[in-house]
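Residues per chain are reported as follows:
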Amino acid sequence: MNVKIENSWKQLLEDEFSNPYFRELVEFVKNAYQTKTIYPKGENIFKAFDLCPVDQVKVVILGQDPYHGPGQAHGLSFSVQEGLPFPPSLLNIFKELKSDLDVPVPSHGNLEKWARQGVLLLNATLTVEAHNAGSHQKKGWEEFTDAVVKKLADQKEHLVFMLWGAYARKKAGIISDSKHLKLYAPHPSPLSAHRGFLGCKHFSKTNDYLLKNGLSPIVW
């Protein structure tokens, strides 16, 4: 199957693209785009991969599914396009960055700058129906993104996985503790951020780990 995705990912995930579950997923997604309003735009489904080739990945931030409001989702977990208000979870991410590394809250919520430095901003589910959170869960996306995480974890060393919330934590079991750093915190949503996301210092811990292993830190 010819999936339009960055070439290094295409090679890494070749087995997945020929798997029956993925063919069924493609049919489901194609039909959804033809009959309903789906986010992100089709050309942005694999944007996280396109901006962050396999050999550049240093950090993986796992989200759940794309934002389901108009114009928000553009293929990167937690990120929104410029000119839009910050969703509450993203605002809490920026608050934690300010507290942890004294990074000023930016003027927009587009996280492409992170992606281009090796931060894979990966949602567990890559598409969603407008105004219907979780609507494309259990259609095959989770199996695909499990494979992404497992292949990365198996083939690379010294990655940092930021696992925020119960949904992201589910992927922890397929990541080797001896080869990588796994950072756990509650989800940055206002419903849970006060239970340990705010104050987690994941951004400084990530950079400390990267530096310790001879890798350049992320300019958050």
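Structural data are supplied above this passage.
To start, this report covers the structure provided alongside it.

## Considering the sheet that holds strand β3 (residues 119-123)
Across a sheet, paired strands are connected by hydrogen bonds in the backbone, their directions being either parallel or antiparallel. Pairing in this open sheet of four strands is parallel, and the strands run β3-β2-β5-β6 from one edge to the other. A single partner strand is all that each edge strand has here, and the edge strands are β3 and β6 (181-185). The average angle at which neighbouring strand axes cross in this sheet is 20 degrees, direction not considered. In this structure, strand β5 (residues 160-164) lies alongside β6, joined through five bridges in parallel fashion. Looking at β6, one finds that V160 is bridged to L181. Together, β2 (59-63), β5 and β6 form the strand contacts of helix α9 (residues 202-212), whose direction differs from that of β5 by roughly 165 degrees.

## A closer look at the pattern of salt bridges
Throughout the structure, instances matching the rule amount to seven salt bridges. The salt bridge involving K47 is made with E112; its shortest N-O contact spans 2.9 Å. Taken as a pair, K47 in helix α4 (residues 47-50) and E112 in helix α6 (residues 112-115) lie far apart in primary sequence, 65 residues in all. Residue E112 is classed as buried on the basis of its relative accessible area of 17%. The salt bridge partner of K182 is D177, with a shortest N-O separation of 3.2 Å. The exposure class of D177 is exposed, given its relative accessible area of 60%.

The rules behind each value
Residues numbered from 1 in each chain as written. Predicted model: local features only at pLDDT ≥ 70, side-chain atom pairs only at ≥ 80, totals over all residues. Heavy atoms only, no water. Pairing = 2+ DSSP bridges. Helix = DSSP H or I, 4+ residues; strand = E, 2+ residues; numbered from the N terminus. Axes fitted to C-alpha atoms, helices over the stretch in contact; angles between N-to-C directions. Contact = heavy atoms within 4.5 Å. Salt bridge = Lys/Arg side-chain N within 4 Å of Asp/Glu carboxyl O. Buried < 20%, exposed > 50% of the residue type's maximum accessible area, 1.4 Å probe, protein only.

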